[in-house]
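# Observations on chain architecture
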Amino acid sequence: MAEEKESEENISALHKKITDAFQLFDYDSNNTVNVREIGTIMYSLGCFPSQADIREFTAKVGEDFSGVVHLDKFLPAMTKVLLENRFPPIPRSKLLQAFKVLDKDQKGYLKPEELTKYMMEKAEPFTQEEMDEMLTAHTHQKDNVIHYEKLIDKLTADQNM
Amino acid sequence: MGCFRANHTSIKAAVLIQRWYRRYMARLEIRRRYTWNIFQSIEYAGEQDQLQVSLFFSLRLLFHILCPADLISQLLDPVIDPWLDRETCYKTISIPESYTGPRISFPLSVSDTNALLRAFKEQQVLHARYVLQLLYETKKLLKQMPNVVHLSTSYTKEITICGDLHGRLDDLLLIFYKNGLPSAETPYIFNGDFVDRGKKSIEVVILLFAFLLLYPDHMHLNRGNHEDHIMNLRYGFTKEVMQKYKTHGREILQLFQDVFSLLPIATIIDAKILIVHGGVSDQTDLELLSSIERHKVKSALRFPRRSLEQLDIGQSHRLGKRLRSTDGSRPSSSRSIYESHRTPNSGASTSSSSSSSSSCSSLCSPRTPSCISPQTYPSSPSSPYNVLQVPFLDSLSSVPLPSPPQQELEWKQIVDILWSDPKTQEGCSPNTFRGGGCYFGPDVTRRLLHQHGLQLLIRSHECKQEGYEICHNGQVITIFSASNYYEEGSNRGAYIKLGKELIPRFYQYQVSRTTRRLTLTQRVCAAEGSALRALKEKLFAHRSELMTGFQQYDPNATGCVSVGEWAKVLASVLRLDLPWRTLRPHLVHLAPDGSVEYQSCFEDVGTGAHLPQVAPNLAKTLFRYRTDIEIIFNIIDKDHSGLISIEEFRHTWRLFSAHLGVAIDDRAIDELARSIDFNKDGSIDFTEFLEAFRVGNIKRAG
């Protein structure tokens, strides 16, 4: 009995959390957001979906042909995602490993051209804008390389938010 | 084989990194969004306070509750030196040999405007004589202009339209640099809000007026809601003038007041595009707007005097209650001009009266002040159909209106144009956020544009992250020209260029202090820090009510409440619509069991330098209502000297505390007055006094 009540409270708290995040992007105050924001909202709720995951999820919750997502579809679907922990975070160690794979010569850093090649050509490529932002923000000013351990620190800094 | 595997591994690696990075960027975007929300909520909450105070002042004082009859006009109307013709007083001012600032001569020529540009870039100050002369000439010119200015693109290449500048000289100079100085080839429209908030309002407005005088056919200025002397009292322009012009500030402010009220209200291009500062309402009537005497509306914050004399105010709460009980229905939106912003959607406003008593009780023990007991006012026989709900601080004054006389209709026309905001919902409702003007929906826009054969409404008044925004199915454009409005990196500025084909093109920019382009990360961090500091100040200023709220959920005094309860208390006390759960990590600590240690809200906030000895009741009130008190002091301090007499101080305090129902006896006030009369000369430097009650100096946590 107590357990049931507790999980009810849990769900209610989850719902509020999801709604809060959703409403940050609800510019018209009518419980809809643009489909483009779904990825951002999912990330902000602690999930780590790939682009394909996001696309799949959006297809399920989005309104056809309108480019918007309603809260009443989003809320139950997202609650499920969170309860199932469907897109768990990638541990920091794996992230470090990933960089080491790309850093073929094990230099401890990557040159901008190297990083660009991987980020923009492989897997789920970055747009030019994303690439520019990454390079501007994280290339070391003096030696013009990306020290990926530092980058990892930044990326994993607000884990608990 | 090995090659393939290596490739496959690196693809997997790349996916991982991309996912992490996108998540990081999403987090940044979230922070940017709520930072933006914080700034906007606090900004509008502040503006509403301003309106409430002025209305309170106008209504209360006018009806002899505590003051003699003419005090309101004495206070808010200009001091006229009878032996000096205000208009030409500049002639008596001579310019000393030692003056190294720009010298200009009238009629202005291009060399004069160039001199001004050069001088302001070098931080020079224009001599008061020139300022007054410039204002006098501007006033003469504006008097000849209609309320609605009609322009045509057939003789020009393109018109440039700029939005709010708010005293940002750098933005104005950047626009001139990118787009060219005003001229026959480069005509401009500036859509209001030239002053307040920014530190260089005087320079901005002098340049605009100078170009106006130089090219009256190619330079066009619309009035904004900040071209208003009462707004200026609160938002910095008055202070800036008094600081830069110690001797002649008063006369300068007086002329500004005249000039502002003479600015045209609207511009129409090619009979197709309407440009106004705020927006429109469902009552906007362009014909009526063209015909009224616009200069009579000196400030949106003063009701036309005649209609107020006909108003009947009894004891506000009692009357309000009586009205509410006989007619539970909400007055129709087109009649009531202001409604309590607490209960925008509810019917009978009983919730506001209860919230008023709870807020009051958290400050001190409320009691009906004897000075507010109802005089023998004739009770209003009119039905509560036309009711004015005037919010002030925590209570609601209900005032029945007779059918609106012409003056009031005209006042409303102008206020709607200067203060309204577009919304996505259809219909038109009072703008409870700002306290003036309306929220107008796409149907209102459609109808108005159709009625007058127009195709587009261009307005400003709201800060937009990209400097501009299009809404109402492309029929409304918001254009905002003050970049970094809230904080370095908060938003871009923009301007519109419009050619004969009347298709708007947008140009964006951002003034930056450093030459190196700031990354999104850096911009977000700076803006976020500033927003959170402002929010923490708000929390501190409402400390006692918040604690009361928390304690209600914590009967066993454990010091903790759940996250949900914490969020609920904040939302209801601060009345700011913010994502509290998302902000929680920045504002408060969690106990090991996941509940909120609510005291930690106030941990890293300190107050200013040592406080003068003040009764606890007084202190709480001072923190909470510091801005309102400052506005009242500023209004009383007619010569803007920063000093008021002890008698005026006592008087103001009595006024204030009476309305709040705060039990503060005269002795406490006297003691306070004496203690802050540092020079013992019978006058009080209220700025210095109030500084002590500013919630600032937030110590950096950890």
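Fair warning: this is a prediction, and the values are worked out from it, not measured in the lab.

Reading the values: the criteria
Residues numbered from 1 in each chain as written. Chains lettered and ligands numbered in written order. Predicted model: local features only at pLDDT ≥ 70, side-chain atom pairs only at ≥ 80, totals over all residues. Heavy atoms only, no water. Helix = DSSP H or I, 4+ residues; strand = E, 2+ residues; numbered from the N terminus. Buried < 20%, exposed > 50% of the residue type's maximum accessible area, 1.4 Å probe, protein only. Contact = heavy atoms within 4.5 Å. Pairing = 2+ DSSP bridges. Buried area = accessible area lost by both parts, 1.4 Å probe. Salt bridge = Lys/Arg side-chain N within 4 Å of Asp/Glu carboxyl O. Polar contact = N/O pair within 3.5 Å; in protein donor to acceptor, adjacent residues only side chain to side chain. Axes fitted to C-alpha atoms, helices over the stretch in contact; angles between N-to-C directions. Core = buried A, V, L, I, M, F, W, Y, C linked by side-chain atoms within 4.5 Å. UniProt positions renumbered as here; feature names shortened; annotations may be inferred. Parallel < 35°, antiparallel > 145°, perpendicular 65-115°, else oblique. Nonpolar A, V, L, I, M, F, W, Y, C, P; charged D, E, K, R; others polar. Arc of directions from axis to C-beta. Expected span 1.5 Å × (residues − 1). pLDDT = per-residue confidence, 0-100. Phe/Tyr/Trp six-rings, centres within 6.5 Å; stacked < 30°, edge-to-face > 60°.

Counting secondary structure elements, chain B contains 24 helices and 21 strands. Relative to its 702 residues, chain B shows a buried fraction of 59%. Contacts spanning at least 24 positions in sequence make up 75% of the contacts within chain B whose residues lie at least 6 apart.

This next bit is on the pairing of strand β12 (residues 456–459) of chain B. All names here are of chain B. By the alternation rule, side chains of β12 split into L456 and I458 and L457 and R459, which are all buried. Across three bridges, strand β6 (residues 273–275) lies against β12 in parallel orientation. Its bridge partner being in β12, I273 is matched across the sheet by L456. Here three bridges tie β12 to strand β14 (residues 476–479), and the two strands are oriented parallel to one another. If you follow I458 over to β14, its bridge partner there is I477.

Turning our attention to the interface of chain B and chain A. Across the boundary between the two partners, chain B contributes 36 residues, which contact 43 residues of chain A. A combined buried area of about 4100 Å² lies between chain B and chain A, and 65% of that area is made up of carbon and sulfur atoms. Viewed at the interface, chain A and chain B are joined by two salt bridges. For D20(A), the salt bridge identified is with R581(B), shortest N-O distance 3.7 Å. Applying the counting criterion to the chain B and chain A interface returns ten residue pairs in polar contact (both at pLDDT 80 or more). Taken together, the elements giving at least two residues each to the side of chain B that touches chain A come down to α1 (2–62), α16 (520–541) and α19 (580–587) of chain B. Counting residues per element, the side of chain B that touches chain A draws most heavily on α1(B), at 24 residues.

Here the focus is the pattern of salt bridges. Residues and elements named next belong to chain B. The full count for this structure, using the stated rule, is 22 salt bridges over all chains. Note that R32 and E29 form a salt bridge whose closest N and O atoms lie 3.4 Å from each other. With R32 and E29 both in helix α1 and three residues apart, this pair spans about one turn of that helix. Salt-bridge contacts for K244 lead to E240; the nearest nitrogen and oxygen are separated by 3.0 Å. Within this pair, K244 and its partner E240 are both found in helix α8 (residues 237–244), separated by four residues, close to a single helical turn. Each of D421, R459, E462, K464 and E469 takes part in one network of salt bridges that share partners.

In this section: the sheet that holds strand β15 (residues 493–498) of chain B. All names here are of chain B. Reading across the sheet, the five strands line up as β4-β3-β2-β15-β16 and stay open at both edges, with mixed pairing between neighbours. Single-partner strands in this sheet number two, and they are β4 (219–221) and β16 (505–509). Going from strand to strand, the sheet's axes swing by 20° on average, the running direction of each strand aside. The pairing of β15 with β16 spans five bridges and is antiparallel. Each bridged residue has a counterpart across the sheet, and for G493 the counterpart in β16 is Y509. Strand contacts of helix α6 (residues 201–214): β3 (188–190) and β4, with the helix running at about 130° to β4, the strand carrying the most contacts.

Within the largest apolar cluster, 61 residues are counted, with the highest numbers of intra-cluster contacts made by F74(A), M78(A), L535(B), W566(B) and W580(B). If one sorts the elements of this core by residue count, α1(B) sits on top with seven residues. The contacts of L535(B), once residues within four sequence positions are left out, are I38(B), I42(B), L576(B), L578(B), W580(B), L583(B) and L587(B).

Here we come to the UniProt feature "domain: EF-hand" (unreviewed entry) in chain B. Annotation from UniProt places "domain: EF-hand" (unreviewed entry) at residues 541–576, 624–659 and 664–699 of chain B. Taken end to end, residues 541–576 of chain B has its terminal C-alpha atoms 14 Å apart, with 67% of it in helix and 6% in strand.

Residue and element names in this part refer to chain B. Residues A266 and I268 point to one face of strand β5 (residues 266–269) and T267 and I269 to the other, with burial holding for every one of them. Examined bridge by bridge, strand β1 (residues 148–151) and β5 share four bridges and lie parallel to one another. Paired with L151 across the strands is I269, a residue of β5.

Turning our eyes to something else, we now look at the packing of helix α3 (residues 110–121) of chain B against α6(B). All names here are of chain B. Direction vectors running N to C along α3 and α6 enclose 170°, while the axes themselves pass 10 Å from each other. It follows from the interaxial angle that α3 and α6 lie roughly antiparallel. Only E203, I206, L207, A210, F211 and L214 of α6 make contact with α3, whose side of the interface consists of V110, T113, L116, L117 and F120. Grouping the amino acids of the contact of α3 with α6 by side-chain chemistry returns nine nonpolar, one polar and one charged.

Moving on, we come to the sheet that holds strand β18 (residues 589–590) of chain B. Residues and elements named next belong to chain B. What the three strands build is an open sheet, ordered β17-β19-β18; its pairing is antiparallel. With partners counted over all chains shown, the strands left at the sheet margins are β17 (560–561) and β18, one partner each. With two bridges joining them, β18 and strand β19 (residues 596–597) adopt antiparallel strand pairing. By the bridge assignment for β19, H589 is matched with E597.

With respect to the helices and strands, the residue C471(B) is situated in strand β13 (residues 468–471). Along the backbone, C471(B) and P422(B) are 49 residues apart, and their C-alpha atoms lie at a distance of 8.0 Å.

Moving on, we come to α19(B). Where α19(B) is concerned, the buried positions are W580(B), L583(B), R584(B) and L587(B). Taken around the axis of α19(B), the buried residues stretch over an arc of 135°, which confines them to a single face.

Before going further, it helps to spend a moment on helix α14 (residues 406–419) of chain B. Residue and element names in this part refer to chain B. Compared with the 20 Å implied by 1.5 Å per residue over 14 residues, the 20 Å span of α14 between its first and last C-alpha is a close match. The buried count for α14 comes to eleven of 14 residues, which makes it a mostly enclosed element. Those residues of α14 that fall on the buried side of the exposure criterion are E408, E410, W411, K412, Q413, I414, V415, D416, I417, L418 and W419.

The pLDDT averaged across chain A works out to 84; a share of 94% of its residues lies at or above 70. Across chain A, element-level confidence peaks in helix α4 (residues 71–84) of chain A with a mean pLDDT of 92 and bottoms out in helix α1 (residues 2–23) of chain A with 78.

Residue and element names in this part refer to chain A. In this structure, T19 sits in helix α1. By relative accessible area, T19 is classed as buried at 18%. Setting aside chain neighbours within four positions, we find T19 in contact with L71 and L75.

All names here are of chain B. Its place among the elements puts D258 in helix α9 (residues 249–262). You can call D258 buried: its relative accessible area is 5%. Within the structure, the side chain of D258 is placed 3.0 Å from the side chain of K139, a separation counted as a polar contact.

To continue, consider unusual backbone geometry. Residue P107(B) is bonded to the preceding F106(B) through a cis peptide linkage, with omega at 0°. Assignment of secondary structure puts P107(B) in the loop between α2 (71–76) and α3. The phi dihedral of N85(A) falls on the positive side, at around 50°, and the residue is not glycine. With respect to the secondary-structure elements, N85(A) resides in the loop between α4 and α5 (92–102). Its relative accessible area of 47% is what places N85(A) among the partly exposed residues.

Our next topic: the environment of F25(A). All names here are of chain A. Tracing the backbone through its elements, the reader meets F25 in the loop between α1 and β1 (32–34). Looking at F25, the relative accessible area reads 1%, which means it is buried. With twelve residues separating them along the chain, F25 and E37 place their C-alpha atoms 7.2 Å apart.

Bringing the packing of aromatic side chains into the picture now. Residue and element names in this part refer to chain B. Per the counting criterion, the structure on display carries 23 aromatic pairs over all chains. Centroid distance F39 to Y486: 4.8 Å. Interplanar angle 5°. Geometry classified as stacked. Placement of F39 in helix α1 and of Y486 in the loop between β14 and β15 is noted, with a sequence separation of 447 residues between them. In terms of burial, F39 and Y486 fall into one category: buried. With a centroid separation of 5.4 Å and 15° between ring planes, the pair formed by Y188 and F190 is classed as stacked. Members of the aromatic cluster, joined through ring pairs, are W36, F39, F480, Y485 and Y486.

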